[in-house]
Amino acid sequence: MTSLNVARYIASSSLGATQVQVSVTANNIANADTEGYTVKSASASSRAYEGVGGGVSVDGVSSSVSKYLLTDLLEATSGAASATKTAEYLSELQSSLGTLEDQTGAGTSLGSTIADFEEALTQLATTPESTALANNAVTALEDLTSQIRDTASDLQGMVDKADQEIAASVDDVNEALETIDELNDLIRTEKAAGNSTANLEDQLNSALTDLSGTLDIKTFPSADGTTKVYTTTGQILVGSTAHLLSTGLDAEGQTTISVNGSDITSRLNGGNSKIGALLELRDETLPEYQAALDEMATTMITTLNGVAGLSGDILTGTSASDIAVETTVKDDPTTLLGTGNGATTANNLLDALQGDTSFSATGKLSAGDRTFSEYATEILSAAVSDAQSASTSLNAAEADMTAATDAISSAYGVNVDEETARLSELEQLYSIASTILSTLQEMFDDLQAAVS
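Notes on the structure in this doc start here. (Residues numbered from 1 in each chain as written. Predicted model: local features only at pLDDT ≥ 70, side-chain atom pairs only at ≥ 80, totals over all residues. Heavy atoms only, no water.)

## Examining helix H2 (residues 67-97)
Logical step 1: If you check H2, its first and last C-alpha atoms are 45 Å apart, about what 31 residues at 1.5 Å a residue would give, namely 45 Å.
Logical step 2: Two residues or fewer after H2 comes Gly98, characterised by a positive phi angle close to 85°. (Helix = DSSP H or I, 4+ residues; strand = E, 2+ residues; numbered from the N terminus. Expected span 1.5 Å × (residues − 1).)

## Some words on the nonpolar core
Logical step 1: Ile148, Leu211, Met300, Leu304, Ile314, Leu315 and Leu336 are the most contacted members of the largest nonpolar core, which has 93 residues in total.
Logical step 2: Residue contributions to this core peak at 21 residues, all from helix H4 (residues 131-192).
Logical step 3: The contact partners of Ile314, leaving out residues within four places of it in the chain, are Leu141, Leu304, Asn305, Ala324, Val325, Glu326, Val329, Leu336 and Leu349. (Core = buried A, V, L, I, M, F, W, Y, C linked by side-chain atoms within 4.5 Å. Buried < 20%, exposed > 50% of the residue type's maximum accessible area, 1.4 Å probe, protein only. Contact = heavy atoms within 4.5 Å.)

## Structural notes on the pairing of strand S4 (residues 227-231)
Logical step 1: Burial along S4 is one-sided: the face carrying Thr227, Val229 and Thr231 is buried and the face carrying Lys228 and Tyr230 is not.
Logical step 2: Relative to S4, strand S3 (residues 217-221) runs antiparallel, the two sharing five bridges. Within S4, the position partnered with Thr219 by the bridge is Val229.
Logical step 3: Where S3 folds back onto S4 in an antiparallel hairpin, the turn is made up of five residues, including Gly225, whose phi is positive at roughly 95°. (Pairing = 2+ DSSP bridges.)

## Overview of the pattern of salt bridges
Logical step 1: This structure, assessed with the given rule, holds 11 salt bridges.
Logical step 2: The partner of Lys85 in a salt bridge is Glu165, and the shortest N-O contact between them spans 2.8 Å. Residue Lys85 is located in helix H2, and its partner Glu165 is located in helix H4; the two are separated by 80 residues in the primary sequence. Side by side, Lys85 and Glu165 carry an identical accessibility label, which is buried.
Logical step 3: With a closest N to O distance of 2.6 Å, Arg282 and Asp163 form a salt bridge. (Salt bridge = Lys/Arg side-chain N within 4 Å of Asp/Glu carboxyl O.)

## Here's the deal with the pairing of strand S7 (residues 255-259)
Consecutive residues of a regular strand have side chains that alternate between opposite faces of the sheet.
Logical step 1: In terms of burial, S7 is largely enclosed, as five of its five residues are buried.
Logical step 2: Of the two faces of S7, the one carrying Thr255, Ile257 and Val259 and the one carrying Thr256 and Ser258 are both buried.
Logical step 3: For strand S6 (residues 245-249) and S7, the ladder comprises five bridges, and the chain directions are antiparallel. Within S7, the residue paired with Thr247 across the bridge is Ile257.
Logical step 4: In this structure, the hairpin formed by S6 and S7 is closed by a connection of five residues, where Gly253 is found at a positive phi of approximately 80°.
Logical step 5: The turn linking S7 back onto strand S8 (residues 262-263) is made up of two residues, and Asn260 within it adopts a positive phi angle of 55°.

## With respect to the sheet that holds S3
Logical step 1: Taken in spatial order, the three strands of this open sheet run S3-S4-S5, and their pairing is antiparallel. If you trace the sheet from one side to the other, it starts and ends with S3 and strand S5 (236-238), each paired once. Ignoring strand direction, the axes of neighbouring strands in this sheet form an average angle of 30°.
Logical step 2: Where H4 meets the sheet, its contacts fall on S4 and S5, and the angle it forms with S5 comes to roughly 60°. (Axes fitted to C-alpha atoms, helices over the stretch in contact; angles between N-to-C directions.)

## Re the side chain of Thr209
Logical step 1: Residue position: Thr209 is located in helix H5 (residues 198-212).
Logical step 2: A residue is classified by how much of its surface remains accessible, and Thr209, at 18% relative accessible area, is buried.
Logical step 3: Beyond its immediate chain neighbours, meaning those up to four positions away, Thr209 contacts Leu73, Leu74 and Thr77.

## Regarding the packing of aromatic side chains
Logical step 1: For the structure shown, the criterion picks out three aromatic pairs.
Logical step 2: Ring plane angle 85° and centroid distance 5.5 Å describe the contact between Phe359 and Phe372, whose orientation is recorded as edge-to-face. One end of the pair, Phe359, is in strand S11 (residues 357-359); the other, Phe372, is in helix H10 (residues 372-412), with 13 residues separating them in the sequence.
Logical step 3: Through a chain of ring-to-ring contacts, three or more aromatic side chains come together here, namely Phe359, Phe372 and Tyr375.
Logical step 4: The cationic tip of Lys161 hangs over the ring face of Tyr89; the distance from NZ or CZ to the ring centre is 4.7 Å. (Phe/Tyr/Trp six-rings, centres within 6.5 Å; stacked < 30°, edge-to-face > 60°. Lys NZ or Arg CZ within 6 Å of the ring centre and 35° of its normal.)

Here's what the structure looks like:
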């Protein structure tokens, strides 16, 4: 009788363990396409009583993603987010600066517009008394100053957009930090109770990945199953609680980022993340191009207004954002060449535009002598080079991202074929255990009938 009880217990425990494993395997198959889900397994171990086999028990349901692979994924996610944002802005910058030639063979760059003004002056120099040619020349100069202002406006618009995105990204970071903190609490509680935390760990890894797309982070697992999160410069973000970011404004009205009352903006600038890329674009890259454009505009104002033969200034303004044709010249284009020898003045203007002018080192451009058209082309060339470099970096970052994702998917993703085969094996085991249990029950019934 005792032996039959032991046998029945063994069969029952096997049946129960198999039920758990069937449930886990079926859940794996059902979640094969669920983003962030990793394959789960129900580990089982044999029991023994006084050296005699006593059945099987399920120790727990687990999924253990390698911390090294997870680190690779977080870093790749940060890199891809940074490269994506940089490439996006630099492509927009290149478009704003125009092209040397479009599909019709005509250019849309500042250099091309300067060349149009030079051509109008050349024609005016041959017939300086022509009102129509004076109108053409002033119109070409207005087109040039307008394009400089529009480009400056585009650049400032990109700076403002980056600033707005930084503020919005802080909200995204805080949402992720709160989620991670909540999951840490749940994992700590469930582990203390001896329950499986496999699904919670999947959710935590997904939240960490989401966070790394916005902010470059380092993670450290704790003994209680929770995860501590730091910035790469050592600022704690999630420990026993979440340390949320806050935003403020600097003296120029731009967004700053703080945590626990400490301004960490400069420590995030240039970091390998979305926020790092936006800060670098806002504070360094775009202002460099703004400075170069201002250098061209102010030098042009000073140079053209200083041409011999003019009766007054022909340009006004103090920067690229407000350069304009002087109102008197705009209202009466015939005053462009002053009251002296018109042909000489027109040629003097041409010489000023086409001759070497001294430019200071500004932004990405070095100091040196070049024509205005050459200087404008250098600005465009720098933008094209930066955009191409950003595109190359983006391709590399996306390749790293794919490799990291594939590595985790290969190691911990659900292989439906394998899980289906496993489910079939478990169903057979379940059937065998059920048959054994049924047979034992019949034996018990027979023994009870014989005793009675």
